[in-house]
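Here is what each chain is made of, one letter per residue.
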Protein chains: 2
Amino acid sequence: MTAEEAIAFIKPGTTIGASGFTGSGYPKAVPLALAAKIKEEADSGRTFRVNLWTGASTGPELDGALAEVNGIEFRMPYQSDTHMRDRINRGEAHYFDYHLSHSTPLVKSGAMGPLHTAVIEVTAIKSDGRLVPSSSAGNNQAWLDAAEQVILEVNSWQNADLEGMHDFYTIAPPPNTQPIPIMKADDRIGSPYMTVDPSKVVAVVETHIPDRNAPFSDPGEVEMKIAANLLDFLSHEVKMGRMPENLFPLQSGVGNIANAVLCGLMDSPFENMTSYTEVIQDGMINLLKAGKLRMASATAFSLSPDMAKYINDHMHEFQDKMILRPQDVSNNPEVIRRLGCIAMNSLIETDIYGNVNSTHVMGSRVMNGIGGSGDFARSASISVFMTPSTAKGGAISAIVPQACHVDHGSQDVRVIVTEQGLADLRGLSPKQRAETIIRNCAHPDYRPALLDYYKRARDVSVGQHTPVILDEALSWHSRFVKAGSMRA
Amino acid sequence: MTAEEAIAFIKPGTTIGASGFTGSGYPKAVPLALAAKIKEEADSGRTFRVNLWTGASTGPELDGALAEVNGIEFRMPYQSDTHMRDRINRGEAHYFDYHLSHSTPLVKSGAMGPLHTAVIEVTAIKSDGRLVPSSSAGNNQAWLDAAEQVILEVNSWQNADLEGMHDFYTIAPPPNTQPIPIMKADDRIGSPYMTVDPSKVVAVVETHIPDRNAPFSDPGEVEMKIAANLLDFLSHEVKMGRMPENLFPLQSGVGNIANAVLCGLMDSPFENMTSYTEVIQDGMINLLKAGKLRMASATAFSLSPDMAKYINDHMHEFQDKMILRPQDVSNNPEVIRRLGCIAMNSLIETDIYGNVNSTHVMGSRVMNGIGGSGDFARSASISVFMTPSTAKGGAISAIVPQACHVDHGSQDVRVIVTEQGLADLRGLSPKQRAETIIRNCAHPDYRPALLDYYKRARDVSVGQHTPVILDEALSWHSRFVKAGSMRA
């Protein structure tokens, strides 16, 4: 069937559950056709909008195309597309960024309403009907199970060697949930295939379209310094006997800082490492190639175009070194806590007490969403947040008197790292945290103003536990909005 | 040995790991003697301070006595004593409120430094050296394992029938952690006894001192309305097939609202319920007596004096209906998520988007601490937060434009209940959440001002995802501090 024919099954006002996690394994032809139809309807004065659930962010053919024609009414649980973000921040689309491990259980509970159509990209359909997944696992099987009808995109661009790389395991909802039998990142507990009730499949569309992920830039000086500070800390933890010599399994967010850390690990003394994380990115592939990393467990690839090409050409060499799991397994607090993952995520800003904002610029404008950072930060053996100490050429301090939005309360923030240094916050009270964060992590240009705020807050607060000047707490953000800089 | 002799083993600047969780099972004679010694030293111009780790809050003989003489340098992970709170809020003691399930793993990791002395109340010591625990489990076994030396208080006031009621199970730290084999609240997986290396025991002190918990007041009209709103919602969830007829296991915070909910459950149609929670309080005993509740799993008792007396007289009748577990088991996200607990916790304030403050009054003054609310809210099948819509005779609105401190980000807040009504926030965007919370939960006296703020925020925000007026966001708190009321 053509994509144009397939979209006849999708009705306005219904909910689509799409495959895809980062720019990997998302459907492409069907959403492009749907976007064209939505545009056509709009040109004729008719409104056609859908709700879109995915694994996480997706590529331009899905989020981008549908957002460009203003075709999305409600979106969850994560996005990072320019057009989608703009629609949300213009108030033209509703969005909620659930913890990524929560999306499947929420939908299965029935609380999110019915899922009308699953649109799932696969690499192939076996003769017995089982589905060979493509480059992400995400919520795919959950959407296949929950949907009233299913549209499959069979993408021949995806590598046939993906077969065997996944591990689909379905967590039964309470009261029938069982322990997840993963004892180390290497453990396979399910099936490499997805399944679908054939009677629900209303269309199969053949495509040949590449995944699209953004390229990484090479880590700059700031990112390399952040990575070096973090690696010093990990070495210290090993020396103190608080971590094994091959570290605990690594969780790493996406982006240039994360990639710098992974680069740094290439030259580190750590061997035989594993990762139990959300996405496999360039740096992990390099660690796998070098034999430093034994196993990368994740829910999706998130590779630069160059690395995606490399992997496509060498997939078979990695088949026993990578596992792609559903995101309610890859991000499950049960497993994260059992394995003692090291959570390494970036932040937008932290206040002096270590309350972290990962999502909102100036309190109101959402960037991407909380993603899996909360799944990992809360249940990791140690939770690290990383950021350059300033942004916008120094006009923004990443350390502020009060975070204008809080995604990770101070209890979940154990270590903060900037290019200035590292703050180990374990065992410290809020005031000790503030003094450590300002001294070790803030940019020297902002340090005096932060110290000044903190000292005056100690004089005027109604309580001395977490000193705050209510009238000034958000004044740095306000100043930035009005004057373009947080500097006084 | 007398308590006065035993405290010779406790040196200034060292860390004490005490038993106790709420006013149950905490050591009494040793801390009273230590407080007297600290006072004596102070009178002679010498400083004697210790760090105090416990399970959670304790009674006046421990937190109260040591705080009164300013003998505590650092306190974790939870407190609720008037004197302790005052020391913290005057800046005279350091405090950090870790998630209760995190305290044991943090200490075992070595990151909190050495534990010098465990001071643990027990009911009895068996002839083979095993310890019969008293009225809480908490972190007791973890402190016995981690401490360099141990002081035992054998409290003959505690009921001999406590023997057999506990279930001690030690979670090995990563990389040796195994699945916790609890499939339902009723499951026993460990031993009713605690153990201690006899060579570490430096003192055994005999006492006969009652536990001390605060009495509950009878639920008032507001609390009863909150409970009724919540019970209506639970009935609806059952009717919709989203919850079994005996509900999912109940987690309930402590206090008058929680007790009102438990009272309400007495007259509900729900039968054969279980609770998997932190503390067993009066209302649960009544449900057990009435046969409505089959099993109460917790880490401690938290009973009013009258109910404590009743239970002491009838303990044997409850031995197969209650289990007391270590707090890293009772509050473990693995088990909470597997069982699908219904988390029901109170809050200090929530902002219009459902970011919840459970700890800080006016941003700086800590009340008690986050306790187990985060352990449960994050991993529950549904997370409910409850509060009267106003406080201080109407001078404070529990619904504010922006929370002045955030303990639970909006992702972990699925339902908010006040006496005005209930907001089911599942599947809603921030703006839809705001409209629902203001309409359903805010007090009518504050509703117009909240709506006015929200509408103006939509006009001026840099992003329309979570509208905020940076210069006004905390103005309600500021007004309360200056003028004694949040009313304009």
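What you see as residue numbers is a count from 1 along each chain, following the sequence as written. Chains and ligands are labelled sequentially in the order written, the chains with letters from A and the ligands with numbers from 1. With pLDDT at 70 or above as the cut-off, local features in this predicted model cover only qualifying residues; side-chain atom pairs require 80 or more to be listed or tallied, and sums for whole chains, interfaces and linings still use all residues. Side-chain numbers come from the whole structure's heavy atoms, not from hydrogens or water.

## Re the UniProt feature "active site" (unreviewed entry) in chain A
All names here are of chain A.
- UniProt positions are given in the numbering used here, feature names are shortened, and annotations may be inferred rather than shown by experiment. The UniProt feature table records "active site" (unreviewed entry) at E278.
- Accessible area is worked out with a 1.4 Å probe on protein chains only. A residue is then buried under 20% of its type maximum, exposed over 50%, and partly exposed in between. Taking the relative accessible area as the measure of exposure, E278 reaches 11% and is therefore buried.
- Two residues form a contact once any of their heavy atoms are found within 4.5 Å. If sequence neighbours within four positions are ignored, E278 has contacts with F21, L100, A298, T299, A300, N331, G371, G372 and F376.
- Here a polar contact is taken to be a pair of N or O atoms separated by no more than 3.5 Å, where protein atoms must pair a possible hydrogen donor with a possible acceptor and residues adjacent in sequence count only if both atoms sit in side chains. A distance of 2.9 Å separates a polar atom in the side chain of E278 from a polar atom in the side chain of N331.

## A few points about the packing of aromatic side chains
Residues and elements named next belong to chain B.
- Stacked, edge-to-face and tilted are the three classes for Phe, Tyr and Trp ring pairs, Trp counted by its six-membered ring, which pair at centre distances within 6.5 Å; planes under 30 degrees apart are stacked, over 60 edge-to-face, the rest tilted. Evaluated as defined, the whole model comprises 8 aromatic pairs over all chains.
- With a centroid separation of 6.5 Å and an interplanar angle of 75°, the aromatic rings of Y310 and F318 are classed as edge-to-face.
- Put simply, a charge is over a ring when the Lys NZ or the Arg CZ is close to the ring centre, within 6 Å, and near the line of the ring normal, within 35 degrees. The positively charged end of K28 is found above the aromatic ring belonging to Y26, 4.3 Å away from the centroid.
- Between the NZ or CZ atom of K289 and the centre of the ring of Y310, over which it lies, the distance is 4.2 Å.

## Brief notes about unusual backbone geometry
- Residues M76(B) and P77(B) are joined by a peptide bond in cis, for which omega reads -5°.
- Numbered from the N terminus, helices here are DSSP runs of H or I no shorter than four residues, and strands are runs of E no shorter than two. Tracing the backbone shows P77(B) in the loop between β3 (72-76) and α4 (82-89).
- Following P174(B), the chain continues into P175(B) via a peptide bond in cis, with omega recorded as 5°.
- Tracing the backbone shows P175(B) in the loop between β7 (149-155) and β8 (201-207).
- Unlike most non-glycine residues, K392(A) shows phi in positive territory, near 50°.
- Looking at the element boundaries, K392(A) is found in the loop between β21 (390-391) and β22 (396-397).
- The class for K392(A) is exposed, based on a relative accessible area of 63%.

## Digging into helix α15 (residues 447-460) of chain A
Residue and element names in this part refer to chain A.
- The terminal C-alpha atoms of α15 lie 20 Å apart, and with 14 residues this matches the ideal 20 Å at 1.5 Å per residue to within 8%.
- For α15, the set of buried residues is L450, Y453, Y454 and A457. The buried residues of α15 occupy an angular sector of 95° when the element is viewed end-on, so they sit on one face. When the buried face of α15 is taken as reference, the exposed residues oriented beyond 90 degrees from it are P448, K455 and D459.
- Lining the buried residues of α15 we find β23 (399-400), α14 (430-441) and α16 (475-483). How far a helix is expected to stretch is found by multiplying one less than its residue total by 1.5 Å. Directions drawn from the helix axis to the C-beta atoms are what define this arc.

## Quick word on the pattern of salt bridges
Residue and element names in this part refer to chain A.
- Here, a salt bridge means any side-chain nitrogen of Lys or Arg that lies within 4 Å of a carboxyl oxygen of Asp or Glu. Scanning all chains against the criterion turns up 58 salt bridges over all chains.
- Here E271 and K292 are joined by a salt bridge, their closest N and O atoms 3.3 Å apart. Within this pair, whereas E271 is found in the loop between α8 (256-266) and β10 (273-276), its partner K292 is found in the loop between α9 (282-289) and β12 (293-298), the two being separated by 21 residues in sequence.
- Residue classification places E271 among the partly exposed positions, given a relative accessible area of 44%.
- The buried category is assigned to K292, whose relative accessible area is 7%.
- One network of salt bridges, in which partners are shared, links E237, R242, D424 and R426.

## Details of the interface of chain A and chain B
- Facing 83 residues of chain A, the contacting portion of chain B comprises 83 residues.
- By buried area we mean how much accessible surface two parts lose on assembly, using a 1.4 Å probe and totalling the loss over both. Taken together, both faces of the contact between chain A and chain B bury some 6900 Å²; the carbon and sulfur share is 55%.
- The largest contributions to the chain A side of the interface with chain B come from R337(A), R378(A) and Q411(A), which together make up 12% of the buried area.
- Taken together, chain A and chain B are joined by 4 salt bridges.
- Here E334(A) makes a salt bridge to R338(B), at a shortest N to O gap of 3.4 Å.
- Run the count over chain A and chain B and you get 40 residue pairs in polar contact (both at pLDDT 80 or more).
- Broken down by element, the side of chain A that touches chain B gets its largest block of residues, 5 residues, from helix α12 (residues 333-339) of chain A.
- Each residue receives one of three labels: charged for Asp, Glu, Lys and Arg, nonpolar for Ala, Val, Leu, Ile, Met, Phe, Trp, Tyr, Cys and Pro, and polar for the others, Gly being one of them. The class makeup of the residues in the side of chain A that touches chain B is 32 nonpolar, 33 polar and 18 charged.

## Quick notes on the packing of helix α14 (residues 430-441) of chain B against helix α15 (residues 447-460) of chain B
Residue and element names in this part refer to chain B.
- Where α14 contacts α15, the axes come no closer than 10 Å and their chain directions differ by 165°. Classified by the interaxial angle, the pair formed by α14 and α15 is roughly antiparallel. In this structure, α14 meets α15 at a crossing whose hand is left-handed. Across from K431, A434, E435, I438 and R439 in α14, the residues of α15 making contact are R447, L450, L451, Y454 and R458.
- Tallied by class, residues from the contact of α14 with α15 come to 5 nonpolar, no polar and 5 charged. Helix axes are fitted only over the stretch in contact, all axes being lines through C-alpha atoms; the angle between N-to-C directions runs from 0 to 180 degrees. Angular relationships are summarised with four words: roughly parallel below 35 degrees, roughly antiparallel beyond 145, roughly perpendicular across 65 to 115, and oblique for the angles in between. A clockwise turn of the near helix away from the far one marks a right-handed crossing, whereas an anticlockwise turn of less than a right angle marks a left-handed crossing.

## Looking at the sheet that holds strand β17 (residues 356-357) of chain A
- Strand pairing requires that DSSP identify at least two bridges connecting the strands. Taken in spatial order, the 3 strands make up an open sheet running β17-β16-β23 (chain A), and their pairing is mixed. With one partner strand each, in any of the chains shown, β17 and β23 of chain A form the two edges of the open sheet.

## Remarks on the pairing of strand β5 (residues 117-125) of chain B
Residue and element names in this part refer to chain B.
- Of all 9 residues in β5, 7 are buried; the element is thus mostly enclosed.
- Pairing analysis gives 3 bridges linking strand β1 (residues 15-18) to β5, with the strands arranged parallel. Residue pairing for β5: I16 is matched across the bridge by T117.
- Pairing between β5 and β7: 6 bridges, direction parallel. Note on β7: the bridge partner recorded for T117 is Q149.
- Pairing analysis gives 3 bridges linking β5 to strand β6 (residues 131-133), with the strands arranged antiparallel.

## Here we look at the domain arrangement of chain A
Residues and elements named next belong to chain A.
- Note that the domain bounds reflect an automated or database-derived domain assignment. Domain assignment breaks chain A into domain 1 (3-207) and domain 2 (221-450).
- Domain 1 and domain 2 are separated by 27 Å when their C-alpha centres are compared.
- In this assembly, 45 residues from domain 1 lie in contact with 45 residues from domain 2.
- Buried surface at the junction of domain 1 and domain 2, both sides included, amounts to about 3800 Å², of which 53% is carbon and sulfur.
- Among the residues of domain 1 in contact with domain 2, M165, I182 and A185 are the three that bury the most area, contributing 17% of the side total.

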